[in-house]
Every structure is written in C-alpha cells, then in structure tokens.
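Here's the letter readout for the chains.
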Amino acid sequence: MAISFQRLEAALDKSVKLTLTCGVFQGVLQHVSAGRDLLLHSVKNLETGRSSPGVKVFYSQEIVNVELLDEPDSQKRIAVLSECTSAVEENKGADMGTAQGGLGNSPCVSLERQLRALNNMNSLPGKEEEEKVEYTVVNCFQEKFGPAVLHLKQQDVISVVGEGVNLCRNGKLSWLQMATKSHIFLFDIFLLGPQAFRNGLQTVLEDKNILKVMHDCRWISDCLFHQYNVLLDNVFDTQVADVLQFSVATGGFFPHCTCTLQECLMQHLKIPSKWKTLMKHEQQMALENPDMWFLRPFPASLFQVLALKAMYLLLLRSSLMDNFMADLTAVVHAYLNTSQNGSEDHLGSLKPTCMELPKELRELADIQKLRREKAVKEYRISEDGLLIRPVIELNERNPQKEETH
C-alpha cells in the first residue's frame, strides 16, 4: 500500500518498497531525516536482484512512491545492521543524543575495518594526548542549539567547514563545523535539516560583521545558497590566501594548482603527528566511502577529525596573515632603524612632505627579483608559465618554499 511521509516515522524498522525515478528498491526503514530523506538497510534492487550491504540513503526528490510491506523477519534484518555498525560502538560516550540511522554504499566490512583502524589511532599513547580537542555536537534544537548560535553571533571571527557528498547545489550537506577561539560546534545538518538555518545559522553566516574563515568557499557557498537560501558574506578563504602567499614568496609566480585544506594545514602549521595521521586516514576513507558522513551513530574518531579541521582552520588564517605581514613588518623595522640609528644629516635632509619612495621600500623590488630567480631554479615551470608545486605528503610536513624577506 502507498504510505505518506507523515506516516513514515511510524513505519521504522519495517520493510518498505521504494519506487524511485531511477529504479525500485526494497529494504528496512531505519531513519527519516528532517528533509524527508529515507535511510534503509538490507537494501535490494528489485530490478537487478542485487543486494547492497550496509545502509543506503534515498533522497526525497528521487522518491516517487513508498509502500509498506509485511515482512516478519524485520528483527533479523536489524540484527544484520547491528553487525555492520559494530565498529562505531565506541561512540556511546559521545554526545549524540538519540539519533539513529546510517548510510554507506561501500561494503560494511571495509568501512568497519577502516573505522576500527581510525579509532585505534585515536587512542595511541604519546605526547599528543596532552592536547585534548573538545567539541559540542548539536543534533537537536533543545538545550544546545540556542546557546551555540548565541555564542557564534557574539564573535568577530569563526571558522566554517562543511562535510557531505558532492558539496554543491546538487549535493548533500551532512555536517557543518563552526569554531571560535574557545568553542567548536559540530552541527548535524542531516538530522537538523533546513530549520537549522532558519533558526539562527543563516543569520550568523550572512552577518557582515562576522568574518567566516573557509577553505575553497565556492562549493559550500553553492550548496548553502541553492539549498538553504543562505548568502555567505565576509569570507576569508584560506585557499585563495595560500595561492597569494605563494605568489609573494616566489616573486610573482603562481602555482599550477591549489591545495586542499589538509594539504594547507600540513604546509603552514606544525600539527602533532597523531592528528596528521587521523586527517590523512579520514581523507582516504572519504574517497573510498563518501557516504560515511551520514553514518548514525557517528564514529567518535571521525568527530575528532571534524573538530580538528574547524580548530586548525582558524590557526591557518593566523599563519597566512603572519606571512602576508612579514614584508610590511620588515620595512617598518627598517624605518625605525633609520630614524633611531641613522645620521642626523640624513634625517635632516628628509622633508615631512616628501613623497619620494624611500630606499627601504625600494628594496622590496630587489627582494622580489631575488625570490623570482630562486623560484625559477627550484620549481619546474608549466607551459602556462605556472610553477609546478611538489606533491604534499600528508604524513609529513613539507614546508612551502617561502622566503619572506
């Protein structure tokens, strides 16, 4: 029989048949998101007869019809799901509320193995244990959502990171991480739905007085605007800043490619090896299992990665700003040295109204020339005249060739 979306929550843990624009599937309903997307486990493609391991999400815009089936073995199917999600049982102590559900198109055995490995890395002993990353998971509107938004509205600078599948106007946003100097908030957009933006996040993201630090804001901006009607404003993009800093460091050359957030973090920051390893494996997992961001309950080890990205993004901006200011600081220092240690005759010959370019500033041109000559020797040049950046290994720091003065 056909079943309306209003009755879907009452059909949890029951077998349903989905008719999509692209096929017909059967499975056990595990969760109904705020956006009316459906999560099913023990999924079978009725047209091909093939079964999919793990859990799969079906987006509301693809669903033509939903039928409730009378399947007496639903409990048996639920037991199968519990085996597939055993790798995330360490999550019980995390702040997850009562959210249920999950998603994964890759075999659950592979994902389980990766999550266990990531969790083991998260518990490795070492000096890095002294550094604890604290975060707040916001997956419902009671208690934590209001105070989190209020705290964000009081900030001058915050970082914003998004995780999901194919982040753009046609993709799906699952997590939105936002960090300040003192707090890290992980907003579960998959569970909160569009109401999260209407209830305050849109105001924060559109506030002209709050600087949003992001990395390659094009994709998430496209997603936020077309899906949630959010028009981002006042953004500091660290990918753009990295390219401009590279140009300054090489005397005006530009690189042949941009860097990912992880690559920029390794390039500019001294990150403990434990955190570098976590982010490296998270990146690999996301490539192999892009739907892992929709796992519910969410693995605690991945929570760490979400929080780390938001935290380090703020530090990345500070590092890039320091690089930008290096030449300015050097010239100002030269100005002070001239006035404090220069001869009286030299100072007496200067008129307060003189607009001639001082020798301290003219030296910048010589510095840029030297940087350019050095860059030509150290980098290969593409046919377009761009410098070919070496591949950045995420398991070790590979400092960028940056001579600031």
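From a predicted model like this one, the values you see are computed outputs, not experimental measurements.

Novice: How do you make sense of the packing of aromatic side chains when you look at a structure like this?
Specialist: Two descriptors summarise a pair of aromatic rings, namely the distance from one centre to the other and the angle between the planes of the rings. Across all of its chains, the model carries 12 aromatic pairs by this definition. With 5.4 Å between their ring centres and 85° between their planes, Trp 175 and Phe 303 make a pair best called edge-to-face. Taken together, the positions of Trp 175 in strand 8 (residues 172–179) and Phe 303 in helix 10 (residues 300–341) put the pair 128 residues apart, joining distant regions of the chain. Accessibility assignment for this pair places Trp 175 and Phe 303 in one class, buried. Feature note: the residues Tyr 135, Trp 175, Trp 293, Phe 298 and Phe 303 constitute an aromatic cluster, connected by ring pairs. Here the guanidinium or amino end of Arg 317 rests over the ring plane of Phe 236, the centre of that ring lying 5.5 Å away. Seen from the ring of Phe 253, Arg 372 lies directly overhead, with NZ or CZ sitting 3.9 Å from the centre.

Novice: How should I be thinking about the packing of helix 3 (residues 145–153) against helix 5 (residues 195–206) in this particular structure?
Specialist: Packed helix pairs are characterised by how far apart their axes lie and by the angle those axes make with each other. Look at helix 3 against helix 5: their axes get within 9 Å of each other, and the N-to-C directions meet at 15°. When the axes of helix 3 and helix 5 are compared, the pair comes out roughly parallel. Classified by chirality, the crossing of helix 5 by helix 3 is left-handed. Within the contact between the two elements, helix 3 uses Phe 145, Val 149, Leu 152 and Lys 153 and helix 5 uses Ala 196, Asn 199, Gly 200, Leu 201, Thr 203 and Val 204. Partitioning the contact of helix 3 with helix 5 into residue classes produces six nonpolar, three polar and one charged.

Novice: I'm lost on the nonpolar core in this one. Help?
Specialist: It is characteristic of soluble globular proteins that their nonpolar side chains tend to be buried jointly. Core analysis: the largest hydrophobic core is formed by 45 residues, its most contacted members being Trp 175, Leu 265, Ile 271, Phe 298, Tyr 312 and Leu 316. A per-element tally of this core places helix 10 first, with 12 residues. The residues touching Leu 316, leaving out its near neighbours within four places in the chain, are Thr 238, Leu 261, Cys 264, Leu 265, His 268 and Leu 269. Formed by 28 residues, the second largest nonpolar core is a distinct cluster that contains Leu 176, Phe 187, Ile 220 and Val 230.

Novice: How should I be thinking about helix 7 (residues 238–249) in this particular structure?
Specialist: Given 3.6 residues to a turn, an α-helix orients residues that are three or four positions apart in the same direction. End to end, helix 7 covers 16 Å across 12 residues, agreeing with the expected 16 Å (1.5 Å per residue, within 8%). In terms of burial, helix 7 is largely enclosed, as nine of its 12 residues are buried. Listed in full, the buried residues belonging to helix 7 are Thr 238, Gln 239, Ala 241, Asp 242, Val 243, Gln 245, Phe 246, Ser 247 and Ala 249. Where helix 7 begins, the side chain of Asp 237 points an oxygen toward the backbone nitrogen of Gln 239, at a separation of 2.9 Å. The first or second residue beyond helix 7 is Gly 251, which carries a positive phi of 75°.

Novice: Would you take a moment to explain the sheet that holds strand 6 (residues 136–138) for this structure?
Specialist: Ordered in space as 6-9-8-7-10-11, the six strands form an open sheet in which the pairing is mixed. Both outer strands of the open sheet, strand 6 and strand 11 (235–237), are each paired with one neighbouring strand and no more. Shown here is a sheet whose adjacent strand axes are inclined to one another by a mean of 25°, direction ignored. Where strand 7 (residues 157–165) lies against strand 8, seven bridges are found, and the strand directions are antiparallel. Across the sheet, Ser 159 pairs through a bridge with Ala 179, a residue of strand 8. Together, strand 6, strand 7, strand 8 and strand 9 (184–188) form the strand contacts of helix 3, whose direction differs from that of strand 9 by roughly 130°. Against the sheet, helix 6 (residues 217–228) contacts strand 7, strand 8, strand 10 (211–214) and strand 11, and its axis sits at roughly 115° relative to strand 8.

Novice: What is the right way to read helix 9 (residues 273–288) from this model?
Specialist: Spanning 16 residues, helix 9 covers 23 Å between terminal C-alpha atoms, matching the ideal 22 Å at 1.5 Å per step. Buried within helix 9 we find Lys 274, Trp 275, Lys 276, Leu 278, Met 279, Glu 282 and Met 285.

Novice: Looking at this structure, I do not really get the pattern of salt bridges. What am I missing?
Specialist: Side chains that carry opposite charge are capable of pairing whenever their charged atoms lie near each other. Evaluated as defined, the whole model comprises nine salt bridges. A salt bridge links Asp 233 to Lys 208, with the nearest nitrogen and oxygen atoms 2.9 Å apart. Taken as a pair, Asp 233 in the loop between helix 6 and strand 11 and Lys 208 in the loop between helix 5 and strand 10 lie far apart in primary sequence, 25 residues in all. Taking relative accessible area as the criterion, Asp 233 reaches 26% and is therefore assigned partly exposed. Classification of Lys 208 as exposed rests on a relative accessible area of 61%. Note that Lys 359 and Glu 360 form a salt bridge whose closest N and O atoms lie 3.7 Å from each other. According to the relative accessible area criterion, Glu 360 is buried, its value standing at 9%. One salt-bridge network, held together by shared partners, links Glu 163, Glu 282 and Lys 309.

Reading the values: rules and limits
- Residues numbered from 1 in each chain as written.
- Predicted model: local features only at pLDDT ≥ 70, side-chain atom pairs only at ≥ 80, totals over all residues.
- Heavy atoms only, no water.
- Phe/Tyr/Trp six-rings, centres within 6.5 Å; stacked < 30°, edge-to-face > 60°.
- Helix = DSSP H or I, 4+ residues; strand = E, 2+ residues; numbered from the N terminus.
- Buried < 20%, exposed > 50% of the residue type's maximum accessible area, 1.4 Å probe, protein only.
- Lys NZ or Arg CZ within 6 Å of the ring centre and 35° of its normal.
- Axes fitted to C-alpha atoms, helices over the stretch in contact; angles between N-to-C directions.
- Parallel < 35°, antiparallel > 145°, perpendicular 65-115°, else oblique.
- Left-handed = near helix turned anticlockwise from the far one by under 90°.
- Contact = heavy atoms within 4.5 Å.
- Nonpolar A, V, L, I, M, F, W, Y, C, P; charged D, E, K, R; others polar.
- Core = buried A, V, L, I, M, F, W, Y, C linked by side-chain atoms within 4.5 Å.
- Expected span 1.5 Å × (residues − 1).
- Polar contact = N/O pair within 3.5 Å; in protein donor to acceptor, adjacent residues only side chain to side chain.
- Pairing = 2+ DSSP bridges.
- Salt bridge = Lys/Arg side-chain N within 4 Å of Asp/Glu carboxyl O.

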